[in-house]
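# Inside the fold
Below are the chains, spelled out letter by letter.
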Amino acid sequence: MKKKRFFLFLIVILLGFSLAWAGDNPKEKKVYVRFSVGYGLPIGTNSIRPSWNLGYTTFYFGQTGYSYPLDPTMEPWLVKRLYQDMPQKAPAPNDYYWFNLVGEIPDFFLKVGDRVAYNGYSQSQYKGCIPPIQLGIDLKLAKHMFISFDVFACQNKLTVQEEGYILYVKGVWGPYYELMQPDGHYGFTEWYLDTIMEHPTVNMQMKIWNFGITPGLKFEIPIFKGFTILPKVGVALMWTNAKATSDWALDYLYPYDFVFKLIGDELGKPNYFDKTVWQVVQNTTQFAIAPLVGLDFGIGKNFYVSGELQLGTGKDFSVVTADGQGIYKGLLLYNNSNQMRFCEVDPAYEDFRHGNYGTPVKDDFIHLNKVKLLKVSAGFRF
């Protein structure tokens with residue numbers, strides 16, 4: 001609130017300058033006051049929170065195609081050893097995987113406590129809400145050279161939606177060997193995994209207020225009467241207030257229902273249970289410095305348009321907090337948790353995949369420093 005009052009005070013002072021010099025002859029003036037409203041176009045927003053989708057595999061039985069989510073059987077370790085498998089749907093227990101492997105397999109690649117994301121996506125959108133409002137003053141230093149000071153304010157909005165299906169390994173039983181061969185070795189090995197599929201989702205809304213002061217230098221280049229170009233360089237000194245609100249949901253799905261959830265409605269709806277919902281709110285203010293370059297075009301006596309590229313809109317914003325459920329903490333799902341990894345897909349399945357829109361990444365920051373803000377504005381210069 002104090003920062004908002006400070007900027008309002010600056011605006012009143014600059015408006016006073018505007019009224020004081022409004023009646024002077026422009027050719028004799030040493031001070032100009034400007035007011036403009038513009039449009040902010042964020043550039044490079046994909047680097048804030050990259051969008052991606054794990055994709056699916058598609059199989060055809062006769063003329064009918066079925067899409068499956070990725071599952072453990074598509075990882076290279078199992079592809080080379082798997083003979084049979086079944087996500088169990090017995091009355092009790094409902095939530096275990098059975099694997100029958102070829103040969104003697106004394107160790108299994110999934111361990112107790114593992115969490116592996118076999119399906120999921122992340123998508124983000126960054127856009128302007130309140131356009132940049134700018135009030136400035138130009139002080140003449142020498143012929144065709146000005147020093148400028150501007151105050152500005154604008155609001156942007158970041159929306160992030162993420163969803164995942166993460167296999168959680170609660171227990172591992174095995175190995176159980178069967179079918180001893182004449183040479184004393186076993187032909188098959190059975191493994192049982194007590195598992196559950198966790199289904200977390202998060203929808204985050206972040207409102208980002210930028211207030212700033214931009215000192216800089218301008219060089220006036222007269223083109224013809226009534227039209228001038230003023231290249232400018234400067235730096236934006238910004239205070240960024242970011243308020244993030246995340247709505248979470250965490251429910252559970254049996255592995256059997258997960259594997260077959262996309263085949264068709266004939267199997268019924270997936271058997272979800274134990275849904276939990278919560279909300280995380282985080283508010284932070286930070287200071288950042290960003291260089292800027294631009295051009296002002298003076299048209300007529302008082303009108304001008306401006307283009308300005310601000311190379312950065314803030315610092316990294318951490319999304320890890322102590323709030324949450326289990327390992328699902330912070331404001332985003334796919335953070336740098338050591339307890340979660342993404343599946344590895346055997347190359348043999350790549351030809352069957354579709355809908356794969358990017359490479360999954362784990363990152364616990366919103367990278368505001370990577371966004372470049374192109375501001376196009378129009379206003380008056382007195």
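Parameters at a glance
- Residues numbered from 1 in each chain as written.
- Predicted model: local features only at pLDDT ≥ 70, side-chain atom pairs only at ≥ 80, totals over all residues.
- Heavy atoms only, no water.
- Helix = DSSP H or I, 4+ residues; strand = E, 2+ residues; numbered from the N terminus.
- Buried < 20%, exposed > 50% of the residue type's maximum accessible area, 1.4 Å probe, protein only.
- Contact = heavy atoms within 4.5 Å.
- Areas by Shrake-Rupley, 256 points an atom, 1.4 Å probe, with all protein chains shown as cover.
- Core = buried A, V, L, I, M, F, W, Y, C linked by side-chain atoms within 4.5 Å.
- pLDDT = per-residue confidence, 0-100.
- Patch = residues over 30% accessible without salt bridge, like charges linked within 9 Å, V, L, I, M, F, W, Y side chains within 5 Å.
- Salt bridge = Lys/Arg side-chain N within 4 Å of Asp/Glu carboxyl O.
- Polar contact = N/O pair within 3.5 Å; in protein donor to acceptor, adjacent residues only side chain to side chain.
- Phe/Tyr/Trp six-rings, centres within 6.5 Å; stacked < 30°, edge-to-face > 60°.
- Lys NZ or Arg CZ within 6 Å of the ring centre and 35° of its normal.
- Pairing = 2+ DSSP bridges.

Before going further, it helps to examine the overall build of the chain. Broken down by element type, the chain carries 3 helices and 21 strands. Sorting the 382 residues of the chain into buried and exposed places 44% on the buried side. Here the contacts in the chain between residues at least 6 apart in sequence split such that 78% fall between residues at least 24 apart. Total accessible area on the chain is roughly 19100 Å²; 59% of this is exposed by carbon and sulfur atoms.

Let us look at the nonpolar core. Counting residues in each nonpolar core, the largest one holds 31 residues, and the members touching the most others are Leu158, Met204, Met206, Tyr328 and Ile366. At the level of elements, β7 (115–142), β8 (145–180), β9 (186–213), β12 (227–253) and β13 (272–299) are the ones that each hand at least two residues to this core. Those residues within four positions of Ile366 in sequence are excluded, and the remaining contacts are Ile48, Arg49, Leu158, Met204, Met206, Lys315, Asp316, Phe317, Val319 and Leu332.

Of the residues in the chain, 87% reach a pLDDT of 70 or more, and the chain-wide mean stands at 84. At the low end of the mean pLDDT range in the chain sits helix α1 (residues 2–21), at 49; at the high end sits helix α2 (residues 76–79), at 95. This model gives residues 12–25 a pLDDT under 50, and the stretch forms 13 contacts once residues within four places in sequence are excluded.

A cluster of nonpolar side chains, namely Leu141, Leu217, Phe219, Val233 and Val293, defines an oily patch on the protein surface of about 400 Å² accessible area. Taking relative accessible area as the criterion, Leu217 reaches 32% and is therefore assigned partly exposed.

The subject of this paragraph is the environment of Ala244. Looking at the secondary structure, you find Ala244 in strand β12. Exposure remark for Ala244: the relative accessible area of 0% places this residue in the buried category. Taking the C-alpha atoms as reference, Ala244 lies 8.8 Å from Thr284; in sequence the two are 40 residues apart. In this view, Ala244 contacts Met204, Gln205, Met206, Val280, Val281, Gln282 and Leu331; residues no more than four positions away in its chain are not counted.

Next up on the list: the side chain of Asp346. Along the chain, the position of Asp346 falls in the loop between β18 (341–342) and β19 (353–354). A distance of 2.9 Å separates the side chain of Asp346 from the backbone nitrogen of Ala348, its partner in a polar contact. Apart from the residues lying within four places of it in its own chain, the contact partners of Asp346 are Met74, Pro76 and Val79.

We now examine the packing of aromatic side chains. To describe a pair of aromatic rings, one takes the distance between the centres and the angle between the planes. For the coordinates displayed, the defined rule picks out 23 aromatic pairs. With centroids separated by 6.4 Å and ring planes inclined at 20°, the aromatic side chains of Phe380 and Phe382 adopt a geometry described as stacked. Under the relative-accessibility criterion, Phe380 is labelled partly exposed at 43%. Within the aromatic cluster, the residues linked to one another by ring pairs are Trp77, Tyr97, Phe99, Phe108, Phe109 and Trp191. In this arrangement the basic side chain of Lys375 is found over the ring face of Phe152, its NZ or CZ atom lying 4.2 Å from the centre. The side chain of Arg381 reaches across the aromatic face of Tyr32, ending 3.9 Å from its centre.

Here the focus is the pattern of salt bridges. With the rule as written, the count across this model stands at 13 salt bridges. In this structure, Glu162 engages Arg49 in a salt bridge whose closest nitrogen and oxygen atoms are separated by 3.4 Å. With Glu162 in strand β8 and Arg49 in the loop between β1 (31–43) and β2 (52–53), this pair connects stretches of sequence that are 113 residues apart. Arg49 carries the same exposure label as Glu162, and that label is buried. Note that Asp194 is salt-bridged to Lys170, the shortest N-O span being 3.8 Å. You can see Asp194 sitting in strand β9 and its partner Lys170 sitting in strand β8, a full 24 residues away along the chain. Judged by relative accessible area, Lys170 falls into the partly exposed class, the value being 36%. The structure contains a network of salt bridges with shared partners spanning Arg34, Asp138, Asp150, Lys218, Lys232, Asp296, Glu308, Lys375 and Arg381.

Our next topic: the pairing of β8. As defined by bridge partners, β7 adjoins β8 across 23 bridges and the pair is classed as antiparallel. Within β8, the position partnered with Arg115 by the bridge is Tyr168. Taking the residues that link successive antiparallel strands as the turn, the β7-β8 hairpin has 2 residues, and the phi of His144 there is positive, at about 65°. As paired elements, β8 and strand β10 (residues 216–219) share 4 bridges and run antiparallel to each other. Looking at the pairing, Phe146 lines up with Lys218 of β10. Two successive antiparallel strands, β8 and β9, enclose a turn made up of 5 residues, where Gly184 displays a positive phi of approximately 95°.

Take the pairing of β12 next. In regular strands, side chains alternate between the two faces of the sheet. As paired elements, β9 and β12 share 17 bridges and run antiparallel to each other. From the neighbouring strand, Thr201 faces β12, where its bridge partner is Ala249. Pairing between β10 and β12: 3 bridges, direction antiparallel. Bridge pairing in β12 places Gly216 opposite Gly234. Sheet analysis places strand β11 (residues 221–224) next to β12, joined by 3 bridges and oriented antiparallel.

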